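# Fold and contact review
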2 protein chains.
Amino acid sequence: MIARPTIPFTTQLKYRLISQLYFFGTASCNDLSESLGKSVPHVTKSLYELIDADYIVEKGYAPSNGGRPPLIYALQPDRMYILSVSIDQLYTRIGLLDMSNQFIFPIETIELRLLNNKDALAILTKTLTRILGRMGKDRKKIIGGGFSMPGFVNTRMGINFTYLSTNSKESLRDYLERHLHMPVYIENDSSVLALAELKAGMAQNLQDVMVIDIGWGIGLGMIVKGELFRGHTGYAGELSHIPISESNTLCECGKRGCLETEATLRVVAHRAMEEIKAGRISSLKIVDSPEKMSEAIMAAANQGDQYAIGLLTEMGFKIGKAIAILIHIVNPELIILGGRGAEVGKILIAPIQQALNQYCIPRLAEDTRVKVSQLGHDASLLAAAALVMEKFGQTAL
Amino acid sequence: MIARPTIPFTTQLKYRLISQLYFFGTASCNDLSESLGKSVPHVTKSLYELIDADYIVEKGYAPSNGGRPPLIYALQPDRMYILSVSIDQLYTRIGLLDMSNQFIFPIETIELRLLNNKDALAILTKTLTRILGRMGKDRKKIIGGGFSMPGFVNTRMGINFTYLSTNSKESLRDYLERHLHMPVYIENDSSVLALAELKAGMAQNLQDVMVIDIGWGIGLGMIVKGELFRGHTGYAGELSHIPISESNTLCECGKRGCLETEATLRVVAHRAMEEIKAGRISSLKIVDSPEKMSEAIMAAANQGDQYAIGLLTEMGFKIGKAIAILIHIVNPELIILGGRGAEVGKILIAPIQQALNQYCIPRLAEDTRVKVSQLGHDASLLAAAALVMEKFGQTAL
DNA sequence: ATAAACTTAATAAAATATTTAATAAGTGCC
DNA sequence: GGCACTTATTAAATATTTTATTAAGTTTAT
């Protein structure tokens, strides 16, 4: 078993201070005192010890807020690093982040098909080992690895039941820790998306937020009581298989009418290819793969193509129906549309809002805002790193 | 504004100790130390001070657990009291509890129709004032009032948007505090039912539990991360208006196909009355009110009447469909069937389980147990009191 | 049966963590 | 310049945990 904390501090407060500063970027002693719920003198003391140990640096004074100007602190960027891995069905992206959230190497992307691929984990591990090899003596500074991946992930047990099998009894997390020699945290990709919104996006400082991951499938990341929520065994947010439609399309899961059979980019892409083949007139041309088709549809829709907009509007309305159910159960303050579908968020938001008006109790619909994510493509890598830093801040002694 | 803590202790730990002892009934110093996450000597010290102040008493030694036998502590029963009020559409029950969870007067029940009743709150307040009048000098010992009630309740704002209007800008909570001179906590009845399970029933020590309130309507109380969950504005758990059916019965809320139009005791009672009138043969006879009809149906079902069982089985299956959706979203470890429908829980559990098998992803269905509540009729009064004690334990200084 | 070894529980003393209160230092505004 | 406000520093007081010690039982091996 890998010892979880790589750097041994003498008090828990120091772990929390570093974690907070990582998420804040910069902060004054007062900010930290307030956010950690500890007194200023106590925070000052630990802060100074961390400055002496060169983990934290003073960044000078900020403008006054109507009184004595606050001294600003930040993390020493190259004192610690985080390994961050974002895995999807086709590609895996790997980054190494410093304490100022900068990538210290260009992000590496490898093609790694997860489905029915027994060697996926071995290839991933090998690639990671190669990349880590470049770190030299800085390797010891890596405090952990955060992994975002699709599938049924049980975070507590460190297992992914769908992909990246270890082909043995060993859990995926233990396997990775054994090969990478660092603490590893794995999490479902939709949850990581939600974490990104919580730490760097629109969910900051909010309590109850649902992040819809619109892509090849449809996922849900839940922020409940200001924290990521994963349910009892880690499968909370299985939006894709709730029954939503009257057309009884058979789903992979064996049931009929699942949201996934009706409202994903995959469904839209396949449907467009069929309909165009059958003579449907549009600015859209058939392209060679459904993946590229979905991108073409989104591009066309953003250019104003009526057919593409129609397809996405229909998808949006069905997603809205599912969100209506979600709102009845969870009563969140904000719904964020994220994932690849966020590209056409502006087009989706109207039919979604319409579905909410139609299927929600008015009081509930009124109290819930719907917004499109502003986070870019690197968000999932930053959030996978956040996974590590969050645990770092919870390190007990 | 009413000062929330009636009794001023010098440390927060003392409030938490009293709260814990209330819920535990009796406990050893070690039990308390563990459950509060504080060291034994620290707990001991506060415990002794509370014994000196006569809030807590020693109850002698418990049998050894393999070592030195632990000293057992309990609350002094008549040092503090809690006012507990459980309100439903027709009847309101009022109790006064001591610190050993005993009613110090027989529970009073008054008939109080909530619907379209402008005077409901005035009548309630008058009754409560009369009952409190009997307390004499013990009145000061009441540390608060807990109110369980139907409707859209926003606990943070202290408002019930559906019933018991104050006919003014003042919140219901403020109104009650002003008239009763004590801290008041109001909560939705389904949530209180969940709290009862959390504190005294099957949800004890569990993290994520859904309590289905099967009655005249259908409600949901949610335990998330080991605590009552109410969502952003307090309306989480609105199970009754999620779309579930293909038969498009119009619901009061204006939508079609809501669970409430298909699977409540009210629906079952009305349907039985119509069908029997139309000549349906059964051991059931028509009674004069739907309320009594529903009780007759449940009694007949428990006696083995096939028609009654059929009606309830159909209701159960539809409730199961809704629970399937719930499980996909929340991934709870336990579903508890509560409310008046728990009387026929044994009959409902089979069709519910069947619906889960049919509509849930297998992994999710496997990880979720379904049980029938064991709590009796007084549970909601005890839980309303728990509302008060829970806040008492959170009293800061 | 009985002593030795092992539990669990309670207590006292010492060490550490954390807050409070008082004060100082800087800024902006009248 | 004086006042209100925010931030920083220090000393003293308080809260809390850790460690070691004692007490009171149970279990196991003879």
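Residues numbered from 1 in each chain as written. Chains lettered and ligands numbered in written order. Predicted model: local features only at pLDDT ≥ 70, side-chain atom pairs only at ≥ 80, totals over all residues. Heavy atoms only, no water.

Secondary structure assignment for chain A yields 12 helices and 15 strands. When its C-alpha atoms are laid out on the principal axes, chain A stretches across 70 × 55 × 40 Å. Every one of the 397 residues in chain A was classed for burial, and the buried ones make up 54%. In chain A, of all internal contacts separated by at least 6 residues, the share reaching a separation of at least 24 is 62%. For chain A, the accessible surface area stands at approximately 17,400 Å², while carbon and sulfur atoms represent 51% of it. (Helix = DSSP H or I, 4+ residues; strand = E, 2+ residues; numbered from the N terminus. Buried < 20%, exposed > 50% of the residue type's maximum accessible area, 1.4 Å probe, protein only. Contact = heavy atoms within 4.5 Å. Areas by Shrake-Rupley, 256 points an atom, 1.4 Å probe, with all protein chains shown as cover.)

Now for the protein's contact with DNA strand C. The local shell around DNA strand C holds 24 residues, among which A:His42, A:Gly67, A:Arg68, B:Tyr48 and B:Leu71 are the closest. In the interface set of DNA strand C, defined as its atoms within 4 Å of the protein, sugar plus phosphate atoms amount to 68%. A:His42 is positioned such that a nitrogen or oxygen atom in its side chain is 2.8 Å from a phosphate oxygen of DNA strand C. For DNA strand C, a phosphate oxygen lies 2.6 Å from a polar atom in the side chain of B:Tyr48. (Near = heavy atom within 4 Å. Polar contact = N/O pair within 3.5 Å; in protein donor to acceptor, adjacent residues only side chain to side chain.)

This paragraph deals with the domain arrangement of chain A. Residues and elements named next belong to chain A. Assigned domains within chain A: domain 1 (12-75), domain 2 (79-193 + 379-393) and domain 3 (205-372). Tallying the contact residues gives 11 residues for domain 1 and 13 residues for domain 2. For the pair domain 1 and domain 2, the summed buried area comes to about 1,000 Å², and 65% of that belongs to carbon and sulfur atoms. Linking domain 1 with domain 2 are zero salt bridges. Here domain 1 is connected to domain 2 by three residue pairs in polar contact (both at pLDDT 80 or more). (Domains from an automatic or database assignment. Buried area = accessible area lost by both parts, 1.4 Å probe. Salt bridge = Lys/Arg side-chain N within 4 Å of Asp/Glu carboxyl O.)

A few words on the protein's contact with DNA strand D. In the vicinity of DNA strand D, 22 residues are found, and the nearest of them are A:Tyr48, A:Arg68, A:Leu71, B:Ser39 and B:His42. By atom count, sugar and phosphate contribute 72% of the portion of DNA strand D lying within 4 Å of the protein. Residue A:Asn30 places a side-chain N or O atom 3.1 Å away from a phosphate oxygen belonging to DNA strand D. Between DNA strand D and A:Leu71, the relevant distance is 2.5 Å, taken from a phosphate oxygen to a main-chain nitrogen or oxygen of the residue.

On to the relation of the copies chain A and chain B, then. Take chain A, turn it by 180 degrees, move it 0.1 Å along the axis, and it overlays chain B with an RMSD of 0.1 Å. Accordingly, the operation relating the two chain copies is best matched by a two-fold axis. A shared binding surface is used by both copies, with 100% of the interface residues of chain A retained as interface residues in chain B. (Least-squares fit on C-alpha atoms with pLDDT ≥ 70 in both.)

Residues and elements named next belong to chain A. With respect to topology, three strands assemble into an open sheet ordered β1-β3-β2, the strand pairing being antiparallel. In the strand order of this sheet, the two ends are held by β1 (26-28) and β2 (56-61), each with one partner. Going across the sheet, the axis of each strand differs from the next one's by a mean of 35 degrees, ignoring polarity. Bridge analysis of β2 against strand β3 (residues 71-75) gives four bridges, and the strand direction is antiparallel. The residue of β3 that forms the bridge with isoleucine 56 is leucine 75. Sitting on the sheet, helix α1 (residues 12-24) is in contact with β1, β2 and β3, with an inclination near 100 degrees to β3. Of the strands in this sheet, β2 and β3 touch helix α3 (residues 40-52), which is tilted by about 110 degrees from β2. (Pairing = 2+ DSSP bridges. Axes fitted to C-alpha atoms, helices over the stretch in contact; angles between N-to-C directions.)

This part takes up the interface of chain A and chain B. The interface of chain A with chain B comprises 37 residues on the first partner and 37 residues on the second. Regarding the contact of chain A and chain B, the summed buried area is about 3,300 Å², with carbon and sulfur atoms giving 67% of it. The interface formed by chain A and chain B contains two salt bridges. Across the salt bridge formed by B:Glu227 and A:Lys225, the nearest N and O atoms sit 3.1 Å from each other.

On to empty space enclosed by the protein, then. Under the counting rule described, the total for this entry stands at four cavities of 30 Å³ or more. Lining of the largest cavity is provided by A:Met222, A:Val224, A:Phe229, A:Val330, B:Met222, B:Val224, B:Phe229 and B:Val330. Among the elements of the structure, β12 (218-224) of chain A together with β12 (218-224) of chain B are those that each provide at least two residues to the lining of the largest cavity. By residue class, the composition of the lining of the largest cavity is eight nonpolar, no polar and no charged. Around the second largest cavity, the lining residues are A:Ile94, A:Gly95, A:Leu96, A:Phe105, A:Pro106, A:Ile107, A:Glu108, A:Ile131 and A:Arg134. It is strand β5 (residues 91-98) of chain A that contributes the most residues to the lining of the second largest cavity, three residues altogether. By residue class, the composition of the lining of the second largest cavity is six nonpolar, one polar and two charged. (1 Å grid on protein atoms, 1.4 Å probe; cavity = no way out; pocket = protein on both sides within 12 Å on 5 of 7 lines; lining within 4 Å. Points joined across faces, edges and corners; volume = space filled by probe spheres on them. Nonpolar A, V, L, I, M, F, W, Y, C, P; charged D, E, K, R; others polar.)

Moving on, we come to the sheet that holds strand β3 (residues 71-75) of chain B. Residues and elements named next belong to chain B. Taken together, three strands build an open sheet; the order of strands is β1-β3-β2 and the sheet is antiparallel. Each edge of the sheet is formed by a strand with only one pairing partner; in this case those strands are β1 (26-28) and β2 (56-61). On average, each strand axis in the sheet is tilted by 35 degrees relative to the strand beside it, whichever way the strands run. Packed onto the sheet, helix α1 (residues 12-24) meets β1, β2 and β3 and runs at close to 100 degrees relative to β3.

For the coordinates displayed, the defined rule picks out 28 salt bridges over all chains. Residue B:Asp138 is joined to B:Lys141 by a salt bridge in which the shortest nitrogen-to-oxygen separation is 3.4 Å. According to the relative accessible area criterion, B:Asp138 is partly exposed, its value standing at 22%. One salt bridge connects B:Glu314 with B:Arg271, and the closest N-O pair in it is separated by 3.1 Å. Of this pair, B:Glu314 sits in helix α9 (residues 306-330) while B:Arg271 is found in helix α7 (residues 265-277), placing the two residues 43 residues apart along the sequence. When salt bridges with common partners are traced through the structure, they connect A:Glu262, A:Arg271, A:Glu275, A:Glu314 and A:Lys318 into a single cluster.

Quick look at helix α6 (residues 189-200) of chain A now. All names here are of chain A. The terminal C-alpha atoms of α6 lie 16 Å apart, and with 12 residues this matches the ideal 16 Å at 1.5 Å per residue to within 8%. By the criterion of burial, α6 is predominantly enclosed, with nine of the 12 residues buried. Ser190, Ser191, Val192, Leu193, Ala194, Leu195, Ala196, Glu197 and Leu198 are the residues of α6 that are buried. Two or three places before serine 190, at the start of α6, stands the capping residue asparagine 188, its side-chain oxygen 2.9 Å from that residue's backbone nitrogen. (Expected span 1.5 Å × (residues − 1).)

Moving on to the packing of aromatic side chains. Residue and element names in this part refer to chain A. Taken as a whole and judged by the stated rule, the model has 14 aromatic pairs over all chains. Geometrically, the ring pair formed by phenylalanine 9 and tyrosine 55 is edge-to-face, given 5.0 Å between the ring centres and 85 degrees between the ring planes. Of this pair, phenylalanine 9 sits in the segment before α1 while tyrosine 55 sits in the loop between α3 and β2; the two residues are 46 residues apart in sequence, bridging distant segments of the chain. Of the residues examined, phenylalanine 9 reaches a relative accessible area of 10% and is grouped as buried. (Phe/Tyr/Trp six-rings, centres within 6.5 Å; stacked < 30°, edge-to-face > 60°.)

An α-helical turn contains 3.6 residues, so a residue and the one three or four places further along point in the same direction. Residue and element names in this part refer to chain B. The terminal C-alpha atoms of α9, which comprises 25 residues, lie 35 Å apart, in line with the 36 Å expected from a rise of 1.5 Å per residue. Taken across its 25 residues, α9 has 18 buried, putting it largely inside the fold. Between a side-chain oxygen at the N-terminus of α9 and the backbone nitrogen of tyrosine 307 the separation is 3.1 Å; the capping residue is aspartate 305.

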